[in-house]
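# Architecture at a glance
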Amino acid sequence: MTASIDHRWGWSAASPLGWPALCDWLRDPGSLTERLRRHCRDFRVEVLASEALLSLTPQQKALLDCEQAYCREVLLYCDETPWVYASSLYSPATRAAMPQLTGLGRRALGELLFDAPDLQRSTFEFAELTNDDRIRLCHRAGLDPSPGPLWGRRSVLATGRARVLVTELFLPAVPAYQEPVA
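Conventions used here
- Residues numbered from 1 in each chain as written.
- Predicted model: local features only at pLDDT ≥ 70, side-chain atom pairs only at ≥ 80, totals over all residues.
- Heavy atoms only, no water.
- Helix = DSSP H or I, 4+ residues; strand = E, 2+ residues; numbered from the N terminus.
- Rg over C-alpha atoms; globule rule 2.2 N^0.38 Å.
- Areas by Shrake-Rupley, 256 points an atom, 1.4 Å probe, with all protein chains shown as cover.
- Lys, Arg positive; Asp, Glu negative; His and termini not counted.
- Charge placed at Lys NZ, Arg CZ, Asp CG, Glu CD.
- Buried < 20%, exposed > 50% of the residue type's maximum accessible area, 1.4 Å probe, protein only.
- Contact = heavy atoms within 4.5 Å.
- Polar contact = N/O pair within 3.5 Å; in protein donor to acceptor, adjacent residues only side chain to side chain.
- Pairing = 2+ DSSP bridges.

## Side note on the overall build of the protein
The secondary structure content of the protein amounts to six helices and seven strands. Along the protein, from the amino end to the carboxyl end, the secondary structure elements read α-α-β-α-β-β-α-α-β-β-α-β-β. Taken against the 2.2 N^0.38 rule, which gives 16 Å for 182 residues, the C-alpha radius of gyration of the protein at 15 Å falls within 12% of a compact globule. For the protein, the spread of C-alpha atoms along the three principal axes comes to 45 × 35 × 30 Å. Carbon and sulfur atoms provide 51% of the accessible area of the protein, an area that totals close to 8700 Å². Averaging the locations of the 20 positively and 22 negatively charged side chains of the protein gives two centres separated by 3 Å.

Shown next as structure tokens:
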């Protein structure tokens, strides 16, 4: 891979208007893993890709303060239904500072990072996928493209000398999309 799949999504500080439940999910500063676990009986992680070293966009370079980063892509499932596509980017320096990143396997990144007492999260950025981006993501993740909006968020999670750019895209099964638009 030469770039992460989210590199051209239209990231901004604006979250969706008229979707209070979706905004609640997008703006929740807590562990998404824990929130998903509260909504299902069976939570699991499917690793799509791991350990690829990517070149970063100028914006990603600024967020992570490096030229290249390792990328891990996963689907987060609730009761055998994919709810979230997530990717994490982290520098070789972060990998050295937090070697547990290399052995996550099917463990959610949130289980590792949210245990850190000094964890800090940057301000969220949000993106609504274009039709082309939705189709590209569904193809990459092995999902059926479904009509309708897909929203994601990203932020940097930092603890000690480790910085991880985390992108979380909420798939159609997330209950927040089921709420009628006001």
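Next comes the rest of the description.
## What to know about unusual backbone geometry
The residue Asp79 is not glycine, and still its phi comes out positive at about 50 degrees. Here Asp79 falls in the partly exposed class, since its relative accessible area comes to 32%. Here Glu80, not a glycine, exhibits a phi torsion of approximately 65 degrees, which is positive. Tracing the chain through its elements places Glu80 in the loop between strand S2 (68-78) and strand S3 (81-90).

## Remarks on helix H1 (residues 20-27)
Within the sequence span of H1, burial applies to Ala21, Leu22, Cys23, Trp25 and Leu26. The secondary structure elements touched by the buried residues of H1 are helix H2 (32-38), S3, strand S5 (125-128), strand S6 (151-159) and strand S7 (162-170).

## A look at the environment of Tyr85
Relative to the assigned elements, Tyr85 resides in strand S3. By relative accessible area, which is 1% here, Tyr85 ends up buried. Once the C-alpha coordinates of Tyr85 and Leu48 are considered, the two residues, 37 residues apart in sequence, prove to be 9.5 Å apart. Apart from residues no more than four positions distant in its own chain, Tyr85 is found in contact with Ile5, Trp9, Leu48, Glu73, Val74, Leu75, Leu137, Thr167, Glu168, Leu169 and Leu171. A polar atom in the side chain of Tyr85 sits 2.5 Å from the side chain of Glu73.

## Digging into the environment of Trp151
Note that Trp151 resides in strand S6. The exposure class assigned to Trp151 is buried, which follows from its relative accessible area of 11%. Ignoring sequence-local partners within four residues, the contact set of Trp151 consists of Ala14, Ser15, Pro16, Leu22, Leu26, Phe126, Ala127, Glu128, Glu168, Leu169, Phe170 and Tyr177.

## Focus: the pairing of S7
When you tally the buried positions in S7, you get eight out of nine residues, the bulk of the element. Two strands pair when backbone bridges link them, and S3 and S7 are joined in this way by seven bridges, in the antiparallel orientation. Note that in S7 the partner of Leu89 across the bridge is Leu165. Across nine bridges, the pairing between S6 and S7 is antiparallel. If you follow Trp151 over to S7, its bridge partner there is Phe170. The loop that links S6 with its antiparallel partner S7 comprises two residues; one of these, Gly160, has a positive phi angle of about 60 degrees.

## Concerning the environment of Ala108
Along the chain, Ala108 falls in the loop between helix H4 (92-97) and helix H5 (109-113). Relative accessible area serves as the criterion here: at 3%, Ala108 is assigned to the buried category. Placed 76 residues apart in sequence, Ala108 and Leu32 show a C-alpha to C-alpha distance of 9.6 Å. When neighbours within four sequence positions are excluded, Ala108 is seen to be in contact with Thr33, Phe43 and Val45.

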